[in-house]
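# Working through the structure, step by step
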Amino acid sequence: MTAVNPTQHRKAKALKPGSRRPAKELCSECGLCDTYYIHYVKEACAFINQQFDNLEVQSHGRVRNLENELELYFGVHQDMMAARKKEPIEGAQWTGIVSTIACEMLNSGKVEGVVCVQNSPSDRFQPMPVIARTPEEVLAARVNKPTLSPNLSILEQIEQSGMKRLLAIGVGCQIQALRAVEDKLGLEKLYILGTPCVDNVTREGLQKFLETTSKSPDTVVHYEFMQDFRIHFKHEDGSIEMVPFFGLNTKELKDVFAPSCMSCFDYVNGLADLVVGYMGAPFRWQWVVVRNDTGQEMLDLVKPQLDTQSVSSSGDRRQAVQQSIPAYDKGVTLPMWAAKLMGVVIERVGPKGLEYARFSIDSHFTRNYLYVKRNHPEKLDAHVPTFAKRIVSQYQLPKE
Ligand SMILES: Cc1cc2nc3c(=O)[nH]c(=O)nc-3n(C[C@H](O)[C@H](O)[C@H](O)COP(=O)(O)OP(=O)(O)OC[C@H]3O[C@@H](n4cnc5c(N)ncnc54)[C@H](O)[C@@H]3O)c2cc1C
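I will try to describe carefully the structure that is included in this document. Here the structure is a predicted model, which means the values were calculated and not measured.

## Details of the overall build of the chain
A count of helices and strands for the chain gives 17 helices and 13 strands. Against the 2.2 N^0.38 benchmark of 21 Å for 400 residues, the chain shows a C-alpha radius of gyration of 20 Å, consistent with a compact globule. Across its three principal directions, the C-alpha atoms of the chain cover 60 × 50 × 45 Å. Taken over 400 residues, the chain has a buried fraction of 55%. Considering only contacts in the chain between residues 6 or more positions apart, those separated by 24 or more positions represent 69%. Split by element, the accessible area of the chain, about 17500 Å² in all, is 51% carbon and sulfur. Charge separation in the chain, taken as the distance between the mean sites of 47 positive and 47 negative side-chain charges, equals 3 Å.

## Overview of the sheet that holds strand E4 (residues 165-170)
The strand order E3-E2-E4-E5-E9-E10-E1-E11 describes an open sheet built from eight strands, whose pairing is mixed. The open sheet terminates on both sides in strands that have one partner only, identified here as strand E3 (123-132) and strand E11 (306-309). Looking at each pair of strands side by side, their axes are set apart by 30° on average, direction ignored. In the sheet, strand E1 (residues 79-85) pairs with E11 via four bridges, with the strands oriented antiparallel. Within the sheet, the bridge partner assigned to Ala83 lies in E11 and is Thr308.

## Here's the deal with the site of the ligand
Taken together, 33 residues form the shell around the ligand, and within it Trp94, Ser99, Val143, Lys145 and Glu224 come nearest. For the ligand, an oxygen atom lies 2.9 Å from a polar atom in the backbone of Val98. In the model, a nitrogen atom of the ligand is placed 3.1 Å from a nitrogen or oxygen of the Pro196 main chain. Here the ligand has 910 Å² of accessible area as a free molecule, and 97% of this is covered by the chains. The dominant element in the shell around the ligand, judged by the number of residues it contributes, is helix H5 (residues 97-107), at three residues.

## Points about helix H9 (residues 203-213)
All of the buried residues in H9 are Arg203, Gly205, Leu206, Phe209, Leu210 and Thr213. Along the long axis of H9, the arc covered by the buried residues comes to 155°, so they all point the same way. Close packing links the buried residues of H9 with E3, strand E6 (220-225), strand E7 (230-235), strand E8 (240-244) and helix H10 (250-253).

## Some points on the pattern of salt bridges
In this structure the tally under the stated criterion is 20 salt bridges. In this structure, Glu69 and Arg317 form a salt bridge, with 3.7 Å as the shortest nitrogen-oxygen distance. Here the residue Glu69 occupies a position in helix H4 (residues 69-74), and Arg317 occupies one in the loop between strand E12 (313-314) and helix H13 (318-330), the gap between them amounting to 248 residues. Across the salt bridge formed by Glu69 and Arg358, the nearest N and O atoms sit 3.4 Å from each other. Remark: Arg358 occurs in helix H15 (residues 354-375) and Glu69 occurs in helix H4; sequence separation between them is 289 residues.

Parameters and conventions
- Residues numbered from 1 in each chain as written.
- Predicted model: local features only at pLDDT ≥ 70, side-chain atom pairs only at ≥ 80, totals over all residues.
- Heavy atoms only, no water.
- Helix = DSSP H or I, 4+ residues; strand = E, 2+ residues; numbered from the N terminus.
- Rg over C-alpha atoms; globule rule 2.2 N^0.38 Å.
- Buried < 20%, exposed > 50% of the residue type's maximum accessible area, 1.4 Å probe, protein only.
- Contact = heavy atoms within 4.5 Å.
- Areas by Shrake-Rupley, 256 points an atom, 1.4 Å probe, with all protein chains shown as cover.
- Lys, Arg positive; Asp, Glu negative; His and termini not counted.
- Charge placed at Lys NZ, Arg CZ, Asp CG, Glu CD.
- Pairing = 2+ DSSP bridges.
- Axes fitted to C-alpha atoms, helices over the stretch in contact; angles between N-to-C directions.
- Near = heavy atom within 4 Å.
- Polar contact = N/O pair within 3.5 Å; in protein donor to acceptor, adjacent residues only side chain to side chain.
- Arc of directions from axis to C-beta.
- Salt bridge = Lys/Arg side-chain N within 4 Å of Asp/Glu carboxyl O.

Structural data, given as structure tokens:
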């Protein structure tokens with residue numbers, strides 16, 4: 001990549017945010033193209049130039065070992081565990097491990113700022129990326145904004161602020177583009193704390209999802225697709241509404257997820273230094289994946305505040321994944337009584353721990369592989385990373 005001169009920067013900046021979308025309908029609105037770093041988009045955009053192997057080597061010193069099932073699925077890592085905060089942060093998405101790490105990174109002076117996402121004053125789900133400089137500003141960003149968020153739109157502010165040590169929190173598509181321009185940011189040290197991410201939506205898509213799925217869409221404070229195969233909606237009055245996955249109105253919701261998310265194979269945020277999610281952990285625990293020494297350095301800062309346990313795995317996902325492929329394709333929706341019953345049965349005998357995570361990865365990768373094949377056949381071979389091809393090849397896909 002060639003360096004961009006500052007005059008080019010300023011000229012490019014005059015355009016309105018959101019007006020330039022080189023990835024067209026596959027744009028995940030990561031924010032890169034709202035800045036002068038748009039000059040690098042052809043190399044940096046995860047949906048224009050899939051370069052997982054290069055970026056894994058750049059980030060972790062090696063590519064993932066495809067012969068090791070744990071790495072095939074969860075990426076390069078040196079440690080993995082289930083964890084939760086001894087004293088959870090009120091209002092966090094889970095127990096607040098992400099916000100706690102970010103606060104401690106500032107408190108310890110390891111970084112001068114944290115890229116995170118607050119919400120707009122008028123809408124709790126409208127993302128507003130910021131560079132937080134105090135723990136209070138980090139805490140104001142706690143809880144998921146379950147919408148595409150232009151986190152990288154703050155890239156120009158990094159250079160302007162003169163900051164040299166930064167922590168960025170983000171999901172896979174944002175982190176892929178960030179890694180690709182990392183060496184252009186003038187930083188001495190960049191720490192990356194990632195979360196897994198799947199099935200994200202635009203703000204309008206989120207409204208449709210809430211209205212189709214929740215009994216009280218306007219009072220939802222946050223929600224999560226949980227390991228017990230139900231969506232848990234938390235409402236303003238603290239009540240929890242649970243809807244079984246199998247009761248979702250698949251036909252109505254088929255177009256809700258962003259095309260970028262339907263084409264994404266970086267569910268587990270393979271390029272972050274440290275990943276905090278929930279998918280590989282027992283119910284109500286968070287899942288922590290340490291990818292390299294920088295990730296370990298971040299985790300060490302908060303270890304005394306955490307309860308931890310080893311990850312575990314039980315059940316066999318394969319049949320359920322194979323059956324879900326034609327069911328999703330046909331938009332099958334079960335009546336609510338049957339969906340609830342199925343939810344109860346699968347919770348008792350279904351995949352748990354790491355096997356649940358593999359169930360979710362397999363279901364999404366097969367669905368996304370078919371989506372790219374049908375909608376962007378010319379991109380299929382280059383866009384789908386080798387590890388994802390290997391995962392998909394375990395299943396029989398419908399003959400087209
Ligand atoms: C859109 C989305 C989808 C997810 N899907 C999964 C999943 O399928 N499986 C799984 O295991 N985990 C998933 N996660 C991660 C999980 O939901 C929790 O965010 C994670 O476990 C951290 O919880 P916490 O309590 O430690 O976070 P908190 O302390 O509440 O902090 C949340 C952090 O997320 C950041 N954030 C919020 N919204 C966004 C956004 N739209 N884009 C980028 N960053 C954001 C905020 O800046 C904040 O720092 C997802 C996260 C997001 C944002």
